[in-house]
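Listed here are the chains, written in short residue letters.
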Amino acid sequence: MKVIEMKNVHKYYGKSHVLDDVSFSVEKGHIVGLIGPNGAGKTTIMKILSGLAHRSSGSFSLFESETGIHKNRNRLSFMIESPIIDLSLNARNNMEYMRILRGVADEKKIDELLKYVGLEDVGKKPVKNFSLGMKQRLGIAMSLLADPEVLVLDEPVNGLDPEGIVEIRHILKELCEVYGKTLIISSHLLSELSELCTDYIIINHGRIVESLSTEELMLHSRSYISVKTDNISRTTATLEEKLGIRDFKMFEGSELRIYEKLDKLADVSNAVTSSGDTILQFVLKNESLEEYYLDKVDHNKGEVDKSRKNVLTRLSGRSDT
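Residues numbered from 1 in each chain as written. Predicted model: local features only at pLDDT ≥ 70, side-chain atom pairs only at ≥ 80, totals over all residues. Heavy atoms only, no water.

A. Quick peek at the overall build of the chain. A tally of helices and strands in the chain yields 12 helices and 13 strands. Once the C-alpha set of the chain is aligned to its principal axes, its extents read approximately 80 × 45 × 45 Å. Of the roughly 16800 Å² of accessible surface on the chain, 49% is carried by carbon and sulfur atoms. A distance of 5 Å separates the average location of the 43 positive side-chain charges in the chain from that of its 48 negative side-chain charges. (Helix = DSSP H or I, 4+ residues; strand = E, 2+ residues; numbered from the N terminus. Areas by Shrake-Rupley, 256 points an atom, 1.4 Å probe, with all protein chains shown as cover. Lys, Arg positive; Asp, Glu negative; His and termini not counted. Charge placed at Lys NZ, Arg CZ, Asp CG, Glu CD.)

B. A look at the environment of L138. With respect to the helices and strands, the residue L138 is situated in helix α5 (residues 132-143). Spatially, the C-alpha atom of L138 lies 9.3 Å from that of R92, the residues being 46 residues apart in sequence. Sequence-distant contacts of L138, that is, excluding residues within four places in its chain, are made with I85, A91, N94, M95, L114, L119, V127 and F130. (Contact = heavy atoms within 4.5 Å.)

C. Up close: helix α9 (residues 232-243). Compared with the 16 Å implied by 1.5 Å per residue over 12 residues, the 16 Å span of α9 between its first and last C-alpha is a close match. Considering only its buried residues, α9 is in contact with β10 (223-229), β11 (248-251), β12 (255-258) and α10 (265-274). Just downstream of α9, G244 is the residue with a positive phi angle, here 65°. (Expected span 1.5 Å × (residues − 1).)

D. Expanded view of helix α3 (residues 91-101). Listed as buried for α3 are A91, N94, M95, M98 and R99. Seen along its axis, α3 keeps its buried residues to an arc of 140°; they face one direction. Away from the buried face of α3 by more than 90 degrees, exposed residues Y97, I100 and L101 are located. Each element contacted by the buried residues of α3 is listed here: α4 (108-116) and α5. The opening residue of α3, the one whose side-chain oxygen lies 3.1 Å from the backbone nitrogen of R92, is N90. (Buried < 20%, exposed > 50% of the residue type's maximum accessible area, 1.4 Å probe, protein only. Arc of directions from axis to C-beta. Polar contact = N/O pair within 3.5 Å; in protein donor to acceptor, adjacent residues only side chain to side chain.)

E. Geometry of the pattern of salt bridges. Counting across every chain of the model gives 12 salt bridges. As a salt-bridge pair, R234 and D277 come within 2.6 Å of each other at their nearest N and O atoms. Of this pair, R234 sits in helix α9 while D277 sits in the loop between α10 and β13 (279-286), and the two are 43 residues apart along the sequence. For R257, the salt bridge goes to E255, with nearest N and O atoms at 3.3 Å. (Salt bridge = Lys/Arg side-chain N within 4 Å of Asp/Glu carboxyl O.)

F. Local environment of the confidence of the model for the chain. Of the residues in the chain, 93% reach a pLDDT of 70 or more, and the chain-wide mean stands at 88. Confidence drops under pLDDT 50 across residues 302-309; counting only partners more than four residues distant or on other chains, this segment forms one contact. (pLDDT = per-residue confidence, 0-100.)

G. Main features of unusual backbone geometry. The backbone phi angle of E155 is positive, close to 50°, even though this residue is not glycine. Topologically, E155 is positioned in the loop between β6 (150-154) and α6 (162-177). Overall, E155 belongs to the buried group, its relative accessible area being 12%.

Printed below as a string of structure tokens:
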């Protein structure tokens, strides 16, 4: 069952086009990572889902219904940008406020959820004295008060230390696997969610770059031969001509990453040296998931750099010749 589906959604703030033809769906019982750099459009998507912002065009449905969106929002909980917490109150008073706000009758849920997220012993300590990880755990507990079917969490591990990330990851994974919750979690770091999510949506500049499952993502963490020589352009041409190598990528203009012939290291090395090039580096490596993600979101880096250069040129009163 599709608990959330967006189709061709656009969002403008004035003349700024912040969401551009966004389409995706979320299946019940999945943990979906919405991954993208800051300003990519992640929070805007979450605000549209929550009703804090309205789409400019396109459509979306909740629980396969486009007509009952307002009613179905009661089946979701949101933690967008940061938990809504009164820093002057303690954890229990914050929970009590949220219980009344959400119309939850059972007061016992407060102590149950505080214990679940590991905050049962904080007593009357005001939240302003909590660590960032404790505040995030309190925010998650508050979002669980109404027993939602879907949790939408904006950067829940942002700024946490490694121990805090592990704690939050354990809670979120258990919510899905044990309690059957569906989760949408945003982050600007793929590595933070790579051990948690079942599906990934990569977004950049308001557009969906790629949607893929964990299994598909793992396929992109490929091994490669890293080659550096004193003439990398000639090396590339040689390997194409002599060995027919086509599956390669130039990295930072000085490193050639070859994704084929991994069992023919001697043949590749001999082809390079026979052309007269001096090998500076020749090693078998693995491409990390973070590198794959950065490659996806940095495809227009050249245009961005060019734009920055043009701005600096105008500011300095010079023009390129």
